[in-house]
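Chain by chain, the residues:
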Amino acid sequence: MGGYFSSYAAVLVLFAIGLVIVAGALSVNRLLRPSRPTPEKLLSYECGVDPVGGDWAQSQVRYYVYTYLYVVFAVDAVFLFPWATIFAAPGFGMTTLAEMFVFLGFIALGILYGWRKRVLTWT
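As the structure is a prediction and not an experimental result, all values here were calculated from the model.

### Some words on the overall build of the protein
Step number 1: Along its length, the protein carries four helices and zero strands.
Step number 2: Listing each helix as α and each strand as β along the protein from the N terminus yields α-α-α-α.

Written out as structure tokens, the structure reads:
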């Protein structure tokens, strides 16, 4: 039983060594860096554009809906790649084809629901 826990001890020791190295590097960096804060340095930086107005900005919910739809299609694409590799294997053709149509049907139902609720209109 000692060999079993010694492998965990080795991982724990390596993890501790890694933490010490990272903490030491960050500490040395903080000690050696110059610190001369100016108003320009403390100003928010956003893609090279000077900030205008206050620090509070609201965004509309439709941006999040489009982001959610992108995630849905990205997940759909992730599931399509393994399906495409298994589809040609002998004995899996019709089964995987039916499963993929069920999966795509659920995706299509979600898009149809969003379309009927007028979530996909950009006004």
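### Focus: the packing of helix α3 (residues 61-87) against helix α4 (residues 93-116)
Step number 1: Running from N to C, α3 and α4 cross one another at 170°; their axes reach a closest spacing of 10 Å. Considered as vectors, α3 and α4 are oriented roughly antiparallel to each other. Counted together, Val72, Phe73, Asp76, Phe79, Leu80, Trp83, Ile86 and Phe87 of α3 and Gly93, Thr96, Leu97, Met100, Phe103, Leu104, Ile107 and Ile111 of α4 form the full contact between these two elements.
Step number 2: For the contact of α3 with α4, a count of residues per class yields 13 nonpolar, two polar and one charged.

### Some details on a nonpolar patch on the surface
Step number 1: A cluster of nonpolar side chains, namely Val13, Leu14, Ile17 and Ile21, defines an oily patch on the protein surface of about 400 Å² accessible area.
Step number 2: Mapped onto the elements of the fold, Ile17 is located in helix α1 (residues 2-32).
Step number 3: Its relative accessible area of 44% is what places Ile17 among the partly exposed residues.

### Quick notes on α3
Step number 1: Spanning 27 residues, α3 covers 39 Å between terminal C-alpha atoms, matching the ideal 39 Å at 1.5 Å per step.
Step number 2: Looking only at α3, the buried set comprises Leu69, Val72 and Asp76.
Step number 3: Those residues of α3 that are buried are in contact with α4.

### Some details on α4
Step number 1: In a regular helix each residue adds 1.5 Å, so 24 residues correspond to 34 Å; α4 covers 34 Å between its end C-alpha atoms and thus fits that length.
Step number 2: All of the buried residues in α4 are Thr96, Met100, Ile107 and Gly114.
Step number 3: Considering only its buried residues, α4 is in contact with α3.
Step number 4: Directly beyond the C-terminal end of α4, a positive phi value near 60° is found at Arg118.

### What to know about the confidence of the model for the protein
Step number 1: Taken residue by residue, the protein gives an average pLDDT of 81. The fraction at 70 or more is 89%.
Step number 2: In the model of the protein, α3 stands out as the element of lowest mean pLDDT, 78, in contrast to α1, which has the highest, 91.

Definitions and limits used
Residues numbered from 1 in each chain as written. Predicted model: local features only at pLDDT ≥ 70, side-chain atom pairs only at ≥ 80, totals over all residues. Heavy atoms only, no water. Helix = DSSP H or I, 4+ residues; strand = E, 2+ residues; numbered from the N terminus. Axes fitted to C-alpha atoms, helices over the stretch in contact; angles between N-to-C directions. Parallel < 35°, antiparallel > 145°, perpendicular 65-115°, else oblique. Contact = heavy atoms within 4.5 Å. Nonpolar A, V, L, I, M, F, W, Y, C, P; charged D, E, K, R; others polar. Patch = residues over 30% accessible without salt bridge, like charges linked within 9 Å, V, L, I, M, F, W, Y side chains within 5 Å. Areas by Shrake-Rupley, 256 points an atom, 1.4 Å probe, with all protein chains shown as cover. Salt bridge = Lys/Arg side-chain N within 4 Å of Asp/Glu carboxyl O. Buried < 20%, exposed > 50% of the residue type's maximum accessible area, 1.4 Å probe, protein only. Expected span 1.5 Å × (residues − 1). pLDDT = per-residue confidence, 0-100.

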